[in-house]
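Coordinate inspection notes
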Amino acid sequence: MSQSKQYILAIDQGTTGSRALVVDSRGKTKGAGYVEIPQHYPKPGWVEHSPQDILHSVRTAITQAIRKSRISSNEIRAIGITNQRESTVLWNRKTGKPYHPVIVWQDRRTSGICEGLKKRGLEPLIREKTGLVLDPYFSGSKILWLMKQLPKLAQDAKRGQVAFGTMDTWLLWNMTGEHATDVTNASRTLLYNIQTREWDQRLCRIFSAHPSMLPRVQVSASHFGNTKKWHILPDGIPVMAMAGDQQAALYGQACYGRGEMKNTYGTGCFLMMNTGSVRVHSQQGLLTTLACDAFGKPVYAIEGAVFIGGALIQWLRDSMRWIRSAGESEQIAKSVSDSHGVTVIPAFTGLGAPYWNAEARGAILGLTRGVTSAHIVRASLESVALQVSDLVLAVKKELRFPIRFLKVDGGASNNNFLMQFQSDILGLRILRSHLTESTAWGIGKMAGVSLGIWKGPYVLDHLIRYQTFRPGLSRAKRKQMLHHWRRQIQRVLGP
Ligand code: ADP
């Protein structure tokens, strides 16, 4: 087969939708597909996906990507899978049928379970073993909830008939018949010991995860299985890489070495820094997790999440109707010279790092007679950047070496006002990648490196172009704005 006919299929199974890219042997995207997934909110605080919708959306996105790239599916040499992390599904090994809808990472139904475990004094143990905090966000409490709710499930689990998976595993099972995950996804379950790199028996007991339910754990760049009787794809294509979405984006942004960091501005914002062989025990509420080096081998990383990022702009558009499109927020923010003393705190579902306060709720503070919707739109964009600043400053406190710049990607990073304000408030250079799909591209790159098409990721990294935003605010003004933000945050923190 000639060099030019080697294609990689990259699948990004995200929270709002599934994306597929066909990447050619020079690292260029030849064609892409994207399909949204219906979101289900059966009760306040609950968020579900249909496991069949997940499969259907991936199949359709792949079909679109292959058609647009005008290649034959026989020319695909390898597959990479990246995914929304933590979202949980349990299915029957014999029938392949799920026992329930996917419980999505955003779902808060297990907050009572987490509180109960905290009261039993289990948080320090869990933090030490997993690097995570005891929060409904992760898979563990979701499994425990299902085990309690569905007696049939508990019986079947004892008989070894149940399989657990995050979305990578669910897809892999359906595409290849293998039951496996990678270290980065495993590190988000609350069941996996990131030091010893194995499923932890004590944690599995705490969360009622029977050992027979658990997938095999592999290094992210490795051979996970071959396609088998999966609709649109021929049999025998190897899945050569799997990683959680934030880890794939970190890899896509070429952050292979210690101290390299990226922030993704999507529905939420996710800041992740590669810390190499050093496991940071955060005092600032950041998570420790596993990510990948240049060859997809595990390294440590620290991570902080903002729950509501771009979602705030959606809310301005769909619920408040103050903007017609997300992009319009940029012009409206620039149409006023400041936010007129308004602070927006988008704590719709509590606050993540460094606050970790599940009870906090959103607020618009500082309203006076002269305030217009334009000021609130501007304050909203500022609040996205201010939340990210809280994360970056928390990372700074943990480390002894200086941070030189922040690489950014994700839908809302297209907003120039937001990026300039981010640079101003941090006093840091912001490098915006022109590759908006660094998550999908990252896993495609890893799959090619894993297969040996490319000797290393560096071969492709000259393709990434960055636009730089430079800080333009005085130190005194920056300090004053951050101080004001913190005071306002204190007003919404729950008991
Ligand atoms: P996800 O992968 O989480 O679905 P994306 O990276 O596709 O998210 O980004 C979509 C989010 O970014 C939406 O919440 C949207 O409101 C926001 N967004 C997209 N474009 C802009 C923009 N120009 N300015 C501000 N927010 C934006």
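For the structure, check the block above.
Thresholds, definitions, all that
- Residues numbered from 1 in each chain as written.
- Predicted model: local features only at pLDDT ≥ 70, side-chain atom pairs only at ≥ 80, totals over all residues.
- Heavy atoms only, no water.
- Helix = DSSP H or I, 4+ residues; strand = E, 2+ residues; numbered from the N terminus.
- Rg over C-alpha atoms; globule rule 2.2 N^0.38 Å.
- Contact = heavy atoms within 4.5 Å.
- Areas by Shrake-Rupley, 256 points an atom, 1.4 Å probe, with all protein chains shown as cover.
- Lys, Arg positive; Asp, Glu negative; His and termini not counted.
- Charge placed at Lys NZ, Arg CZ, Asp CG, Glu CD.
- Expected span 1.5 Å × (residues − 1).
- Buried < 20%, exposed > 50% of the residue type's maximum accessible area, 1.4 Å probe, protein only.
- Near = heavy atom within 4 Å.
- Polar contact = N/O pair within 3.5 Å; in protein donor to acceptor, adjacent residues only side chain to side chain.
- Nonpolar A, V, L, I, M, F, W, Y, C, P; charged D, E, K, R; others polar.
- 1 Å grid on protein atoms, 1.4 Å probe; cavity = no way out; pocket = protein on both sides within 12 Å on 5 of 7 lines; lining within 4 Å.
- Points joined across faces, edges and corners; volume = space filled by probe spheres on them.
- Pairing = 2+ DSSP bridges.
- Axes fitted to C-alpha atoms, helices over the stretch in contact; angles between N-to-C directions.
- Core = buried A, V, L, I, M, F, W, Y, C linked by side-chain atoms within 4.5 Å.
- Phe/Tyr/Trp six-rings, centres within 6.5 Å; stacked < 30°, edge-to-face > 60°.

This part covers the overall build of the protein. Counting secondary structure elements, the protein contains 16 helices and 23 strands. Relative to the globule expectation of 23 Å for 495 residues, the C-alpha radius of gyration of the protein, 22 Å, shows essentially globular dimensions. With the C-alpha coordinates aligned to their principal axes, the bounding extent of the protein is approximately 65 × 55 × 45 Å. Nonlocal contacts in the protein, meaning residues at least 24 apart in sequence, comprise 72% of its contacts between residues at least 6 apart. Here the protein displays about 19500 Å² of accessible surface, and carbon together with sulfur accounts for 50% of that area. The protein carries 63 positive and 35 negative side-chain charges, and their two centres are separated by 1 Å.

Considering the arrangement of structural elements, one finds Glu382 in helix α12 (residues 373-398). Those residues in contact with Glu382, other than ones at most four positions away along the chain, are Ser339, Phe417 and Phe421.

The subject of this paragraph is helix α14 (residues 438-451). An α-helical segment advances 3.6 residues per turn. Residues three or four places apart therefore align on the same side. Its 14 residues place the ends of α14 20 Å apart at the C-alpha level, agreeing with the 20 Å of an ideal helix rising 1.5 Å per residue. Among the 14 residues of α14, 12 are classified as buried, and the element is accordingly described as predominantly covered. Residues Ser438, Thr439, Ala440, Trp441, Gly442, Ile443, Gly444, Lys445, Met446, Ala447, Gly448 and Val449 constitute the buried set of α14. Immediately downstream of α14, the backbone of Gly452 shows phi near 95°, a positive value.

Time to look at the site of the ligand. The full set close to the ligand counts 14 residues, and Thr16, Thr267, Gly310, Gly411 and Asn415 are the nearest of them. A distance of 2.9 Å separates an oxygen atom of the ligand from a polar atom in the backbone of Gly310. Within the backbone of Ala326, a nitrogen or oxygen atom sits 3.5 Å from a nitrogen atom of the ligand. Counting residues per element, the shell around the ligand draws most heavily on helix α10 (residues 310-318), at four residues. Looking at the shell around the ligand residue by residue, the classes come out as four nonpolar, 10 polar and no charged.

Looking at where Gln247 falls in the secondary structure, it is placed in helix α9 (residues 245-252). Exposure remark for Gln247: the relative accessible area of 1% places this residue in the buried category. Apart from residues no more than four positions distant in its own chain, Gln247 is found in contact with Arg85, Thr184, Ser187, Arg188, Met272, Thr289, Leu290 and Ala291.

What follows concerns empty space enclosed by the protein. For the structure on display, the rule yields one cavity of 30 Å³ or more. By volume, the largest cavity is sized at about 80 Å³. As for the largest cavity, its lining consists of 15 residues, and the residues nearest its centre are Val306, Leu351, Gly352, Ala353 and Gln387. Put simply, the parts of the chain that give the lining of the largest cavity at least two residues each are β18 (298-306), α12 and α16 (475-490). Taken together, the residues that form the lining of the largest cavity break down as 11 nonpolar, three polar and one charged.

This part takes up the sheet that holds strand β21 (residues 405-409). Read across the sheet, seven strands follow the order β17-β18-β16-β15-β21-β22-β23 without closing on themselves; strand pairing throughout is mixed. A strand with exactly one partner marks an edge of an open sheet, and here the two such strands are β17 (287-292) and β23 (466-469). Adjacent strand axes in the sheet meet at a mean angle of 30° when their direction is disregarded. As judged from the six bridges shared by β17 and β18, these two strands associate in the antiparallel manner. Its bridge partner lying in β18, Thr288 is registered against Ile302.

Taken together, the six strands give an open sheet; going across it, the order is β3-β2-β1-β5-β14-β13, and neighbouring strands pair in mixed fashion. Strands at the two margins of the open sheet, each flanked by one partner only, are β3 (29-36) and β13 (221-226). Across the sheet, the mean angle from the axis of one strand to that of its neighbour is 25°, orientation sign disregarded. When strand β2 (residues 17-23) meets β3, the two strands line up antiparallel, connected through seven bridges. Note on β3: the bridge partner recorded for Val23 is Thr29. Relative to the sheet, helix α1 (residues 51-69) contacts β1 (7-13), β2, β3 and β5 (76-83), its axis offset from that of β3 by approximately 150°. Here α9 sits on the sheet in contact with β5 and β14 (238-244), set at roughly 100° to β14.

Glancing now at the nonpolar core. With 60 residues, the main nonpolar core has Met261, Tyr265, Val392, Val395, Leu406 and Leu418 as its most contacted residues. The element that contributes the greatest number of residues to this core is α12, accounting for 13 residues. In this view, Leu406 contacts Met261, Lys262, Asn263, Tyr265, Leu271, Val392, Leu426, Leu428, Arg429, Ile430 and Leu431; residues no more than four positions away in its chain are not counted. The next biggest cluster of nonpolar side chains, apart from the first, holds 44 residues, and it includes Trp46, Tyr137, Trp199 and Ile206.

Moving on to the pairing of strand β6 (residues 89-92). By the alternation rule, side chains of β6 split into Val89 and Trp91 and Leu90 and Asn92, which are all buried. Sheet topology places β6 next to strand β8 (residues 162-165); four bridges connect them, and they run antiparallel. Directly across from Asn92, in β8, lies its bridge partner Val162.

Tallied over the full model, the rule gives 13 aromatic pairs. When the centroid spacing of 6.0 Å and the interplanar angle of 70° are considered together, the rings of Trp105 and Phe270 count as edge-to-face. Of this pair, Trp105 sits in the loop between β7 (102-103) and α2 (111-119) while Phe270 sits in strand β16 (residues 269-276), and the two are 165 residues apart along the sequence. Phe270 carries the same exposure label as Trp105, and that label is buried. A centroid spacing of 6.1 Å and a plane angle of 85° characterise the contact between Tyr137 and Phe307, whose relative ring orientation is edge-to-face. With Tyr137 in the loop between α3 (123-130) and α4 (139-149) and Phe307 in the loop between β18 and α10, the pair connects residues that are 170 residues apart, well separated along the chain.

Nothing here speaks to function; it is all geometry.
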